[in-house]
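Structural features, examined
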Amino acid sequence: MNATTDQTRHQDRVWSVAEHLDDVLSKIPPLEPIELQLLDAQGCVLVEDITVPVALPPFDNSSMDGYAVRVADVAGATEEFPAALTVIGDVAAGSGELPAVGPGEAARIMTGAPVPPGAEAVVPVEWTDGGSGEGPAATMHAHSAAPQYATGEVRVHRPVEPRAHIRDRGSDVSAGEPALRAGTVLGPPQIGLLAAIGRGTVRVRPRPRVVVMSTGSELVQPGEALGPGQIHDSNSFQLTAAARDAGAIAYRVGAVADDAESLRATLEDQLIRADILVTSGGVSVGAYDVVKETLTEFSAEEGTVEFRKLAMQPGKPQGFGLIGPDRTPLMALPGNPVSSYVSFELFVRPAIRTLMGLPDVHRPTARAECTEPIASSPEGKRQFLRGSYDPDTAKVTPVGGAGSHLIKALAHANALIVVPEESTEVAAGDEVEVVLLG
């Protein structure tokens, strides 16, 4: 058998969805960890276990605006027979030097302020006269406007239990306890915890940089008028949004015309800022399929991209390879909007999340009752149809037809209905697998 015959047979091979995905993921290792400032690490995956260096909170502090008191001094206090205490000063949040509370004394204290020595509980200001000598107070007087209330006398109308309205040191977490485990995706609460324990930087796998470009001389930027035979470029916007949704930093490149030199130059320009390149269009068997034409002519130094036929609908033509000096992954998707998006969800999203180092890279799936029949599905191909899934009833309804250009139906779907290769139809009431997109 000669090399040409062997190559032809290889090109004629039909890959299953699983075979193509496994091949892609086997060639994409997670990105190397780097140290990032906290806000720059949002959305990234932690690669180190974090322990708490100091207890949280680091000192006993008040959970209320009120008065720090000794329990015995307010025992039996009522509004009719209040306990009168001498106010020895203010304790504000951030206070360093604290007045000691002795018998018959109270310190006016603010929420979050350290509990002064001698105090055993905090009485909320609403349980006192606020130093006014009148009825129950609704709030404290501002220190800047009325500094006299930091001294004088306060009348307490209710008793308190020991440690009432005090947040104990270490009540959130003790020093030495684990804070976050490696593999955690850093969202706002995790960033907040890291800041609270004093971490300014953290070691993570960075969010992948994904460059998205559409190809086609017929494509026009949204907002511009259409000429004869032209359409607006939707794929690059849809796929860039999908890459961001997957956790990546995504860059959209303007549509590239059906010209091999223009595409080659654009790819070379974009490689410097890409951890993965995603193209749409130009991967089938047409005379103007420029992506396939350009990438199959790459030299050994430039990398190799293989174009495949997959046993799926939509999304039969797919391209994948490693190009450029750093062998950056390139995923070439078909140009029809639904084919492009389904391909992204099945192949590109898992690749992005593999680069991030996530343990689970796939969309969740569920079993659901199909409420309407699916009259026809191609034998030997795995079909992905748009669906509206109701998690409360575990039912899914097909949305739109099977056409790979029906982008409106895609916008109203929250799931993909999976019809396996061996099935040619689905009856109403049959159970199907659904890929959840939301």
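First, a word on scope: everything that follows refers to the structure included in this document. None of the values given here were measured: they were computed from a predicted structure. Going along each chain's sequence as written, the residues are numbered from 1 onward. With pLDDT at 70 or above as the cut-off, local features in this predicted model cover only qualifying residues; side-chain atom pairs require 80 or more to be listed or tallied, and sums for whole chains, interfaces and linings still use all residues. The basis for every side-chain value is the complete set of heavy atoms in the structure, and neither hydrogens nor water enter the calculation.

Each helix corresponds to a stretch of at least 4 residues labelled H or I by DSSP, and each strand to a stretch of at least 2 residues labelled E; elements are numbered beginning at the N terminus. Counting its secondary structure elements, the protein contains eight helices and 27 strands. A radius of gyration in this sense is built from C-alpha atoms; the matching globule rule multiplies 2.2 Å by the number of residues raised to 0.38. Taking 2.2 N^0.38 as the reference for a compact globule, 438 residues should give roughly 22 Å; the C-alpha atoms of the protein span a radius of gyration of 32 Å, well beyond that estimate. The dimensions of the protein, computed from C-alpha atoms along their principal axes, are 100 × 55 × 45 Å. Within the protein, the proportion of its 438 residues that are buried is 45%. For every residue, the accessible area (1.4 Å probe, protein chains only) is compared with the maximum for its type, and the residue is labelled buried under 20%, exposed over 50%, or partly exposed between those bounds.

Turning our eyes to something else, we now look at the sheet that holds strand β14 (residues 209–215). Following DSSP output, two strands are said to pair if at least two bridges run between them. Here we have seven strands laid out as an open sheet, ordered β1-β19-β21-β22-β18-β14-β17, and mixed in their pairing. The sheet is open, and its two edges are formed by β1 (14–15) and β17 (249–256), each paired on a single side. As judged from the seven bridges shared by strand β19 (residues 303–310) and strand β21 (residues 317–323), these two strands associate in the antiparallel manner. Bridging from a neighbouring strand, Arg-308 pairs with Gln-318 of β21.

If you look at the biggest cluster of nonpolar residues, it comprises 40 residues, and the most contacted ones within it are Val-210, Met-312, Met-331, Phe-344, Phe-347 and Ile-352. Among the elements of the structure, α2 (17–26), β14, α4 (235–245), β18 (276–280), β22 (328–333), α7 (337–355) and β26 (415–419) are those that each provide at least two residues to this core. No other element matches α7, which puts ten residues into this core. We call two residues in contact whenever any of their non-hydrogen atoms come within 4.5 Å of each other. Excluding residues within four positions of it along the chain, Val-210 makes contact with Ala-243, Ala-248, Ile-249, Ala-250, Tyr-251, Ile-276, Val-278 and Ile-352. Val-211, Ala-260, Leu-277 and Val-290 belong to the second-largest nonpolar core, a separate cluster that totals 20 residues. Residues enter a nonpolar core if they are buried and are Ala, Val, Leu, Ile, Met, Phe, Trp, Tyr or Cys, with the set joined through side-chain atoms within 4.5 Å.

In short, the description is geometric, and any link to function would need to be established separately.
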